[in-house]
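Per-entry structural report
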Number of protein chains: 4
Amino acid sequence: MTNFFADIPQLSYQGADSDSDFAFRHYNPDEVVLGRRMEDHLRFAVCYWHNFAWPGNDPFGGQTFQRPWFGDTMEHAKRKADVAFDMFRILNAPYFCFHDADMRPEGANFAENTRNLEEMTDYFAAKMEAGGPKLLWGTANLFSHRRYMAGAATNPDPDIFAFSAATVKTCMDATQRLNGENYVLWGGREGYETLLNTDLSKELDHMGRFLSMVVDYKHKIGFKGAILIEPKPQEPTKHQYDYDVATVFGFLQRFGLEKEVKLNIEQGHAILAGHSFEHEIALAASLGIFGSIDMNRNDYQSGWDTDQFPNNTPEVAMAYYEILRAGGFTTGGTNFDAKLRRQSLDPQDLILAHAGAMDVCARGLKAAAAMLEDGKLEAARAARYAGWDKPEAQAMLHSDLDRIAGDVLSQNINPNPRSGRQERLENLVNRYL
Amino acid sequence: MTNFFADIPQLSYQGADSDSDFAFRHYNPDEVVLGRRMEDHLRFAVCYWHNFAWPGNDPFGGQTFQRPWFGDTMEHAKRKADVAFDMFRILNAPYFCFHDADMRPEGANFAENTRNLEEMTDYFAAKMEAGGPKLLWGTANLFSHRRYMAGAATNPDPDIFAFSAATVKTCMDATQRLNGENYVLWGGREGYETLLNTDLSKELDHMGRFLSMVVDYKHKIGFKGAILIEPKPQEPTKHQYDYDVATVFGFLQRFGLEKEVKLNIEQGHAILAGHSFEHEIALAASLGIFGSIDMNRNDYQSGWDTDQFPNNTPEVAMAYYEILRAGGFTTGGTNFDAKLRRQSLDPQDLILAHAGAMDVCARGLKAAAAMLEDGKLEAARAARYAGWDKPEAQAMLHSDLDRIAGDVLSQNINPNPRSGRQERLENLVNRYL
Amino acid sequence: MTNFFADIPQLSYQGADSDSDFAFRHYNPDEVVLGRRMEDHLRFAVCYWHNFAWPGNDPFGGQTFQRPWFGDTMEHAKRKADVAFDMFRILNAPYFCFHDADMRPEGANFAENTRNLEEMTDYFAAKMEAGGPKLLWGTANLFSHRRYMAGAATNPDPDIFAFSAATVKTCMDATQRLNGENYVLWGGREGYETLLNTDLSKELDHMGRFLSMVVDYKHKIGFKGAILIEPKPQEPTKHQYDYDVATVFGFLQRFGLEKEVKLNIEQGHAILAGHSFEHEIALAASLGIFGSIDMNRNDYQSGWDTDQFPNNTPEVAMAYYEILRAGGFTTGGTNFDAKLRRQSLDPQDLILAHAGAMDVCARGLKAAAAMLEDGKLEAARAARYAGWDKPEAQAMLHSDLDRIAGDVLSQNINPNPRSGRQERLENLVNRYL
Amino acid sequence: MTNFFADIPQLSYQGADSDSDFAFRHYNPDEVVLGRRMEDHLRFAVCYWHNFAWPGNDPFGGQTFQRPWFGDTMEHAKRKADVAFDMFRILNAPYFCFHDADMRPEGANFAENTRNLEEMTDYFAAKMEAGGPKLLWGTANLFSHRRYMAGAATNPDPDIFAFSAATVKTCMDATQRLNGENYVLWGGREGYETLLNTDLSKELDHMGRFLSMVVDYKHKIGFKGAILIEPKPQEPTKHQYDYDVATVFGFLQRFGLEKEVKLNIEQGHAILAGHSFEHEIALAASLGIFGSIDMNRNDYQSGWDTDQFPNNTPEVAMAYYEILRAGGFTTGGTNFDAKLRRQSLDPQDLILAHAGAMDVCARGLKAAAAMLEDGKLEAARAARYAGWDKPEAQAMLHSDLDRIAGDVLSQNINPNPRSGRQERLENLVNRYL
Ligand SMILES: [Co+2]
Ligand SMILES: [Co+2]
Ligand SMILES: [Co+2]
Ligand SMILES: [Co+2]
Ligand SMILES: [Co+2]
Ligand SMILES: [Co+2]
Ligand SMILES: [Co+2]
Ligand SMILES: [Co+2]
């Protein structure tokens, strides 16, 4: 145990009336909700990147965090891992997530990167066997290093495609070695800054090939987890190919991968694409490609990705409602791809940010479960579409324009609209919150 | 000839130095650009709706326009048509576009709507034969009447689906009768106001069936034009299913319609979806579904659809550049789905708005053509991706992760990035403008 | 009593566990919060416009509501008033608000408008004396009629300025006659569509004069209420002069009116201007110009004013927290300038929308009060700035750059940043929600 | 001369038909426009920060530029200055701008910062005397170092206020030593991340005091230039106090500084605040606080500050039109606070970006001048407001509501609206472009 979090106790459930900052008020892992332990519903994961590798910089300012593990050596990387696993323990987190670039120092070339990654993977494995959390997903960071500035799979330079593909292979290997339950791809630079220098067709084709190779490799090595794509419309690039759920669905179909790949949906990215979080979840579920979530919000008054911890229970409840309606998580979970505000300098801030977020999620989940269990909302929804259950409606749906026009004419079909009852349903939702 | 546009002369090309307001300074129909007459490149269409049916209202104010043809009778509809064809003639417009609801009075039921539409179609046909413009596209207005408030194809009520399908049939018939070159669907209410009352899966399925029936009917009646979908992300609904080009592509694939349906892309809608106009055109072209454009802009400081006439030549040039790169229009064209500002009360405003827009488009087209002809921009683009022309790059692209990782290791592939040269290319573009 | 709301009972507080749709779960008028009855804290007002005059149209569709009182006669206006006062009674609303154009038919000229307004004012007065609610504020609609299309006070035509000024006079008279507690100005068309035809300086000067006359007239007639401006950045116009709180403050100072005029702040307008609701309230309070609120939200994914009923308790709580910190309402109150979704056709929808909104506000108020009473948040805020309480800090603040530079040098002042503790405070807030 | 720009010739005007990349096509310093040399109109400045100090990082990626002068020593700082003055010469730039943090290495404390700044100021002075450009403005970077993470003048810690004030003093000294024509304050961290930990009133008061001290110090040292504030609504902070022109005007009035301080307006910041660039310029001019511009654009599809070089001539023309209407620059000028895209790695990119921007500005200026000279647009504007020139209109404007209401009644004033002619005016503008 390091002494970074000295004096911070391991968190436990103490109920809503607890006066302690370092406690869960709502997250009670063993509480059963809809027949499943809360921990098994929520499947919380703590991310390695924002918590342990980000120095606190923003576009107008440099490092604010001063962490004892900041540095470029394997020693630093191990010290960082020690602190990270301390934090996982304090939070009682069942899962974590990583990018290769967070866990190992950058080497001089691919060989050195791979050696560093393998050594750190072993180091992680030992900690996990010693009682650490499980791995929700691993991924390769194909966007921070300057070689990726014009993309990885979509780079104009085939050597960079190659470097990226090789790197993904090593990260999939590491993920499997650590029994990861998913492997994620976030194409942060797969997009463009200007159409003027971009061959859109070529880049999309290359991206399709890249993903196909990832899927093939998964099968080759017998990786049992899911391959997930995380959509985001823009930032860092002006346009990102994995814009949103609908866009990725079209891309997957085009390359015949819609049965092979699912989505990791982040609230902040949904907002940047002009959607609500629950929309993106519901759409993915409807299309059969829902996988996992990154439960971190954006600020509604900021036009960039703020990656903040969730704090609005009603919003979170609507997200879990769509997840529960879709049957809950299978391989996926609730990852906090969230970062502290850069002014939150203290070790305590790291712990409290997660504790608060976990409580907000627990409250949201319980509200969503109650709403689903009561069934009033689903009953109202079903009633609204009940007309379609009639055989003649189904027959009409499977006929043709000529026939329908004839029927409308002969039966003088002249329908009146019915209230959509939005406010009534919004009131209903508020009963559970 | 009506006397609404009395004293306004028919417009003709008079060159950039003309001092007349009622002249084309840049649009010269017979001028040959890249081997094609300018008129045949641009294929301008004037829309019926905004010009002749919109009363000038907005969410905070009522009618501002006082047109002699406003009214609900067939007499009014014919008077409106008379003025419209006057305007087409004054503008020398080769095409026009219509919604059923613009050209005929609303009837008490489907039968009456159909009779009104048929009578007006005959009235139009006579005018077209007498030297009027051709029909670029027809469409059904399935969003203004209160019956459509919760959607047409995606309505919870099957009777409204039926009414919509029957109406589309009559509009396709009218379009064919008038030798329309395309038939458009804009799903202005195909979406939702709140997820709480929405069955996303059912609605998307119904929308797929609806579109399939449209395609079947096209083949049944031997309509030779293209079926076009016009994407828009939102407004009037909070979420619209035809969000953007990528979304519609996914939808078309899902229902096996990606070879049957193309897109009508509007600049304003591109902007609302977070894209540039040229992005949407380039993407549609890359996916093989580019059809036609609505050349009307939004205001960048307003978050709703302002449907203004184009006035920024550099923007317009980039749109035509992507169209020319894709081979130019086939059945499609340049429709002005644009409306006057509601303060622009005078008949002259209607004419001048179009004249200015046509000139801006002509300048944009000529700049785009020059840029394409010179070839410097395409040469720079090709050079950036030249690495992919090598056989070893193509071999790599079609290999697998294992093989690539081996090669990166054995050859110590360690690529350096190259400048993307964005500013240099932007300067280059400005040479043609 | 009309029969429009037949079968809808008068609402009363029944507690959170009530199973009735037509009840308050949280709004308990007589419950004492921070020493004041809840009704006196919240001072709810129902607006006349959206509820009784709006036909349900939007930019892409026409009327959806079919109300028996729709029509242009005084008979219709009185029938409308009858229903409105029924609704006020059902909701137990202590206040209402009106625009002249909602309550009287549009006449052929100013004289007729005035007569209609006076007759309806008498009609209202009788109802109010018979036990109806009080008037929170009145206002003139200077944006719907086509004469106002280019502004009222800022119109290029002095006759329209005159018509507007005369109309405001009659509305101030009506407001005083009805013992209104405030008079509001919303400059929906005071702005521009294009700078090209706008004389910014002249328009701002005229607007300043107009407001000065309003203030003078208030004093002349001895109106005891507050004059309020409602900021909004845009929509209907591209740019609106009363952009946001800070802009209006600058305007008021320029014309020497910052002690005479306060603000009516709407959440939706705050969002359109890029602010949170609580920001606008806190800023107005800090500048001494906080007056009243319009408690209606926008949709975060829509770029226009959706004027929806509030439904997110945490958001509402933060607004009331700033209001309570500022001492609570004096003449102001909580107006719902909210409208039903246009699909919400039923009389019940009107009642339920308000009932839900009032409950959300009550929950928000109670949470805010608890948070303020506990004092933890204010204690943390004070501690953060405690350094400024020291005499040497105050001395420094009132010295000069030279002196300060000397001190920094001589004392080698080299400060270290301290954590801003944002997440900890967000957790704290969630304890009260 | 360094060899960083080896092989890049000094740029000169070669006319629109030049085929060289390294030439001005439109910027001809000695060409006379509206009686003034183009150089004296535009007063171009090259900024030190983005060009020489920014490493190419963004929120998702690190350094891309590899410049020989990157490093923390005075040697590096001088090498950087050598290259910078080379670039100024190549571009024939009449002005440059700097932040202290760009030109000197960060020291261990204020004393060391000051020594470094003074030494570099001397180094700059020598270069300027040897034929380098003049200084348009200097400024202090009070946002990058971690000490400023919670603001400078508005920091909760008085020691940081002190450090900031002392630093500004040294930067004003340096600016005066270098004969700077303005001194700029950009409050990048003067704002908040969360209202929860913010004392808005205190922070605004401290900011007012800070600015007053700056103004006092200006007078004390006899600095002849203007003090300028650069508004920006957000980024890096969630809310920035200097939101936009109108907000800063209100702030200046509150502290009695509206005659002492002017504004430096950036296009990108205007856009982030929901305004057009020309709006912000026109408003500042109307309020008497227009000072200078940062001519760098944002991408309309990105919600953050992209600081790109201008490339759309029509946009730029409208900005210069408002500047010319206001009488042109006095102490201000056209600063490019613009940065290369991070993929633009080559020395050539730095030169070409500026060359293209200068040409776009020259074209914009010439179009604006022609438009102003022809006078058609101003004549149309004046005609629209001509009614206000009449004595009775002025009398009405200076009367009162009672009197006006009487006149409207007695004269039956019942005005009809007139066309705003927006499209006609937009066409007119396009004649000059
Ligand atoms: Co994110
Ligand atoms: Co994420
Ligand atoms: Co549109
Ligand atoms: Co359109
Ligand atoms: Co509103
Ligand atoms: Co309002
Ligand atoms: Co900027
Ligand atoms: Co700037």
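Chains are numbered independently. Their residues run from 1 in the order of the written sequence. Lettering for chains starts from A, numbering for ligands starts from 1, and both go in the order in which the items are written. With pLDDT at 70 or above as the cut-off, local features in this predicted model cover only qualifying residues; side-chain atom pairs require 80 or more to be listed or tallied, and sums for whole chains, interfaces and linings still use all residues. Each side-chain value is derived from all of the structure's non-hydrogen atoms; neither hydrogens nor water enter the calculation.

Points about the overall build of chain A
Here is the rule: A helix here means a DSSP run of H or I that spans at least four residues, while a strand means a run of E at least two residues long, and both kinds are numbered starting from the N terminus. The atom set for the radius of gyration is the C-alpha atoms, and the globule formula is 2.2 Å times the number of residues raised to the power 0.38. Throughout, exposure labels follow a simple rule: accessible area from a 1.4 Å probe, protein chains only, divided by the maximum for the residue type, with under 20% read as buried, over 50% as exposed, and the rest as partly exposed. Throughout, a contact is declared for two residues whenever any of their heavy atoms are within 4.5 Å. Using a 1.4 Å probe, accessible areas were evaluated by the Shrake-Rupley method; residue-level cover was limited to the displayed protein chains. Charge assignment in this entry is limited to Lys and Arg as positive and Asp and Glu as negative, and neither His nor the chain termini are counted. Charged side chains are reduced to one point each, which is NZ for Lys, CZ for Arg, CG for Asp and CD for Glu.
Along the backbone of chain A there are 16 helices and 12 strands. Taken against the 2.2 N^0.38 rule, which gives 22 Å for 433 residues, the C-alpha radius of gyration of chain A at 23 Å falls within 12% of a compact globule. Principal axes of the C-alpha set define a box for chain A whose edges measure 80 × 60 × 45 Å. Counting the 433 residues in chain A, one finds 69% classified as buried. Taking as baseline every contact in chain A between residues at least 6 positions apart, the subset at least 24 positions apart corresponds to 75%. Carbon and sulfur atoms provide 47% of the accessible area of chain A, an area that totals close to 13,400 Å². Counting 44 positive and 60 negative side-chain charges, chain A places the averaged centre of each group 2 Å from the other.

Remarks on the coordination of the cobalt ion (ligand 3)
All names here are of chain B. Using the following cut-off: Think of the donor list as every N, O and S atom within 2.8 Å of the metal, or within 3.2 Å for Na, K and Ca; water never makes the list, so a site can look incomplete. Labels for metal geometry use angle windows, namely 85 to 135 degrees for all angles of a four-donor tetrahedral site, and for square planar (four donors) or octahedral (six donors) sites opposite donors over 155 degrees apart plus all others within 65 to 115; sites meeting none of these are irregular.
Looking at the cobalt ion (ligand 3), the protein donor atoms are Glu 266 (OE), His 269 (NE2), Asp 305 (OD) and Asp 307 (OD), and they sit 1.9 to 2.4 Å from it. Relative to the metal, the four donor atoms surrounding the cobalt ion (ligand 3) lie at angles of 77 to 158 degrees, and the coordination shape comes out irregular. Spacing between the donor residues of the cobalt ion (ligand 3) along the chain follows E-x2-H-x35-D-x1-D. The metal-metal distance between the cobalt ion (ligand 3) and the cobalt ion (ligand 4) comes to 4.4 Å, with Glu 266 coordinating both. In this pair, His 269 is assigned in helix α9 (residues 267–272) and Asp 307 in the loop between β11 (290–294) and α11 (313–325), connecting sequence segments 38 residues apart. With respect to burial, His 269 and Asp 307 carry one shared label: buried.

Considering the sheet that holds strand β3 (residues 44–47) of chain C
All names here are of chain C. Filter applied, for reference: Paired strands, as defined in this entry, are two strands with at least two bridges between them according to DSSP. In this analysis, axes come from line fits to C-alpha atoms, helices being fitted only over the stretch in contact, and the angle between any two N-to-C directions falls in the range 0 to 180 degrees.
With parallel pairing, the eight strands of this closed barrel are ordered in space as β3-β4-β5-β6-β8-β10-β11-β12. Neighbour to neighbour, the strand axes of the sheet diverge by 30 degrees on average, direction disregarded. The pairing of strand β5 (residues 134–139) with strand β6 (residues 182–185) spans three bridges and is classified as parallel. Looking across to β6, one finds that Thr 139 is bridged to Val 184. The sheet contacts of helix α10 (residues 277–287) involve β10 (261–266) and β11 (290–294), and relative to β11 the element is tilted by about 160 degrees.

Regarding the UniProt feature "active site" (unreviewed entry) in chain A
All names here are of chain A. As a reminder of what qualifies: UniProt positions are given in the numbering used here, feature names are shortened, and annotations may be inferred rather than shown by experiment. What qualifies as a polar contact is a pair of N or O atoms within 3.5 Å, subject to a donor-acceptor requirement within protein and to the restriction that residues adjacent in sequence count only when both atoms come from side chains.
As recorded in UniProt, the sites labelled "active site" (unreviewed entry) are His 99 and Asp 102. As for its placement among the helices and strands, His 99 is situated in strand β4 (residues 95–99). Apart from residues lying up to four places away in sequence, His 99 is in contact with Trp 49, Thr 139, Ala 140, Asn 141 and Phe 143. Counting through the fold element by element, Asp 102 comes out in helix α4 (residues 100–103). You can call Asp 102 buried: its relative accessible area is 0%. If sequence neighbours within four positions are ignored, Asp 102 has contacts with Tyr 48, Trp 49, Ala 53 and Lys 80. A polar contact is formed between the side chain of Asp 102 and the backbone nitrogen of Trp 49, at a distance of 3.3 Å.

Notes on the relation of the copies chain C and chain A
Cut-off, in case you're wondering: We place the copies in one frame by least squares, fitting the C-alpha atoms of every residue whose pLDDT is at least 70 in both.
Rotating chain C by 180 degrees about the axis while translating it 0.0 Å along that axis superimposes it on chain A, leaving an RMSD of 0.0 Å. As the rotation angle and translation indicate, the two copies are arranged about a two-fold axis. Closest approach to the rotation axis among the C-alpha atoms of chain C is made by Tyr300(C), whose C-alpha sits 3.4 Å away. Most of the interface of chain C is mirrored in chain A, where 100% of its interface residues are also at the interface.

What about the interface of chain A and chain B?
We apply this condition: Joining two parts hides part of their accessible area as seen by a 1.4 Å probe, and the buried area is that hidden amount summed over both. Salt bridges are defined by distance alone: a side-chain nitrogen of Lys or Arg within 4 Å of a carboxyl oxygen of Asp or Glu.
Counting residues at the interface gives 92 residues for chain A, matched by 92 residues for chain B. Buried surface at the junction of chain A and chain B, summed over both partners, amounts to about 8,300 Å²; 65% is from carbon and sulfur atoms. Taken as a group, Leu196(A), Tyr385(A) and Leu401(A) account for 10% of the area that chain A buries against chain B, more than any other trio of residues on that side. Counting the contacts that link chain A with chain B gives two salt bridges.

Topic: the interface of chain C and chain A
Defined as follows: All residues other than Ala, Val, Leu, Ile, Met, Phe, Trp, Tyr, Cys, Pro, Asp, Glu, Lys and Arg, Gly among them, are scored as polar; the first ten of these are nonpolar and the last four charged.
Contacts between the two partners involve 46 residues from chain C and, on the opposite side, 46 residues from chain A. A combined buried area of about 3,600 Å² lies between chain C and chain A, and 37% of that area is made up of carbon and sulfur atoms. Contact with chain A buries surface across chain C, with Glu423(C), Arg424(C) and Arg431(C) losing the most and accounting together for 18% of the total. For the pair chain C and chain A, the interface holds nine salt bridges. Of the charged contacts, one joins Arg431(A) and Asp21(C) as a salt bridge, the two residues approaching to 2.6 Å between their closest N and O atoms. Joining chain C to chain A, the criterion identifies 31 residue pairs in polar contact (both at pLDDT 80 or more). Every element with two or more residues in the side of chain C that touches chain A is listed here: α12 (347–374), α13 (376–384) and α16 (422–431) of chain C. Within the side of chain C that touches chain A, the residues separate by chemical class into 11 nonpolar, 18 polar and 17 charged.

Describing the packing of helix α7 (residues 200–221) of chain C against helix α10 (residues 277–287) of chain D
Relative placement of two packed helices is described by the angle separating their axes and the distance separating the axes. The criterion, for reference: The cut-offs work like this: below 35 degrees is roughly parallel, past 145 is roughly antiparallel, 65 to 115 is roughly perpendicular, and the gaps in between are oblique. Take the far helix as your reference; a near helix turned counterclockwise from it by less than a right angle gives a left-handed crossing, and one turned clockwise gives a right-handed crossing.
One way to put it is that α7(C) packs onto α10(D) with a least axis distance of 9 Å and a crossing angle of 60 degrees. Relative to α10(D), α7(C) is oriented oblique. As for how α7(C) packs across α10(D), the hand of that crossing is right-handed. Contact residues: α7(C) offers Leu200(C), Ser201(C) and Leu204(C), while α10(D) offers Ala282(D), Leu283(D) and Ser286(D). A per-class count over the contact of α7(C) with α10(D) returns four nonpolar, two polar and no charged.

Quick notes on the UniProt feature "binding site: Mg(2+) 1" (unreviewed entry) in chain A
Residue and element names in this part refer to chain A. In the numbering used here, UniProt assigns the feature "binding site: Mg(2+) 1" (unreviewed entry) to Glu 230, Glu 266, Asp 294 and Asp 337. Considering the C-alpha atoms alone, the annotated residues occupy 108 residues of sequence yet fold into one spot, their largest mutual distance being 11.5 Å. Its location among the elements puts Glu 266 in strand β10 (residues 261–266). Its relative accessible area of 1% is what places Glu 266 among the buried residues. Non-local contacts of Glu 266, meaning those with residues more than four positions away in its chain, are made with Glu 230, Phe 277, Asp 294, Asn 296, Asp 305, Asp 307 and Asp 337. A distance of 2.8 Å separates polar atoms of two side chains, one belonging to Glu 266 and the other to His 269. Structurally, the position occupied by Asp 294 is in strand β11 (residues 290–294). Residue Asp 294 is classed as buried on the basis of its relative accessible area of 0%. Non-local contacts of Asp 294, meaning those with residues more than four positions away in its chain, are made with Trp 137, Glu 230, Asn 264, Ile 265, Glu 266, Gln 267, Phe 277, Asn 335 and Asp 337.

Some thoughts on the side chain of Glu203(C)
Positionally, Glu203(C) belongs in helix α7. No salt bridge is formed by the buried Glu203(C); the nearest opposite charge belongs to Arg384(D), separated by 4.6 Å. Beyond its immediate stretch of four places on either side in the chain, Glu203(C) contacts Thr154(C), Gly191(C), Thr198(C), Tyr241(C) and Tyr385(D).

Topic: the coordination of the cobalt ion (ligand 8)
When a metal holds four donors in a tetrahedron, each ideal angle between them is 109.5 degrees; when it holds six in an octahedron, the ideal angles are 90 or 180 degrees. Residue and element names in this part refer to chain D. For the cobalt ion (ligand 8), the full set of protein donor atoms is Glu 230 (OE), Glu 266 (OE), Asp 294 (OD) and Asp 337 (OD), at a range of 1.9 to 2.1 Å. Considering all four donor atoms around the cobalt ion (ligand 8), the spread of angles at the metal, 93 to 149 degrees, places the coordination shape in the irregular class. For the cobalt ion (ligand 8), the single-chain donor residues occur in sequence as E-x35-E-x27-D-x42-D. Between the cobalt ion (ligand 8) and the cobalt ion (ligand 7), the interatomic distance is 4.3 Å, and Glu 266 donates to each metal, bridging them. With Glu 266 in strand β10 (residues 261–266) and Asp 337 in the loop between β12 (334–336) and α12 (347–374), this residue pair connects regions lying 71 residues apart in the sequence.

Section: α13(C)
All names here are of chain C. Note the cut-off: To be clear, the arc concerns the directions from the helix axis to the C-beta atoms.
Where α13 is concerned, the buried positions are Leu 377, Arg 381 and Arg 384. Along the axis of α13, the buried residues cluster in a sector spanning 60 degrees; they form a single face. If you follow the buried residues of α13, they end up packed against α11 (313–325), α12 and α16.

Quick look at the pairing of strand β5 (residues 134–139) of chain B
Residues in a regular strand point their side chains to alternate faces of the sheet. Filter applied, for reference: Call a crossover right-handed when, viewed with both strands pointing away from you, the route from the first strand across the helix to the second goes clockwise.
With five of six residues buried, β5(B) is to be regarded as a mostly interior element. Once you follow β5(B) into helix α6 (residues 158–177) of chain B and on to strand β6 (residues 182–185) of chain B, the crossover reads as right-handed.

Observations concerning the relation of the copies chain A and chain B
With an axial shift of 0.0 Å and an RMSD of 0.0 Å, the rotation relating chain A to chain B amounts to 180 degrees. A share of 100% of interface residues in chain A that are also interface residues in chain B marks the association as one of identical surfaces.

Some words on the sheet that holds β5(B)
Residue and element names in this part refer to chain B. Strands sit in the order β3-β4-β5-β6-β8-β10-β11-β12 around a closed barrel of eight strands; the barrel is parallel. Between one strand axis and the next, the sheet turns through 30 degrees on average, direction left out of account. Against the sheet, helix α7 (residues 200–221) engages β6, β8 (226–229) and β10 (261–266), with an angle of about 160 degrees to β8. Running at roughly 165 degrees to β10, helix α8 (residues 245–254) makes contact with β8 and β10 of the sheet.

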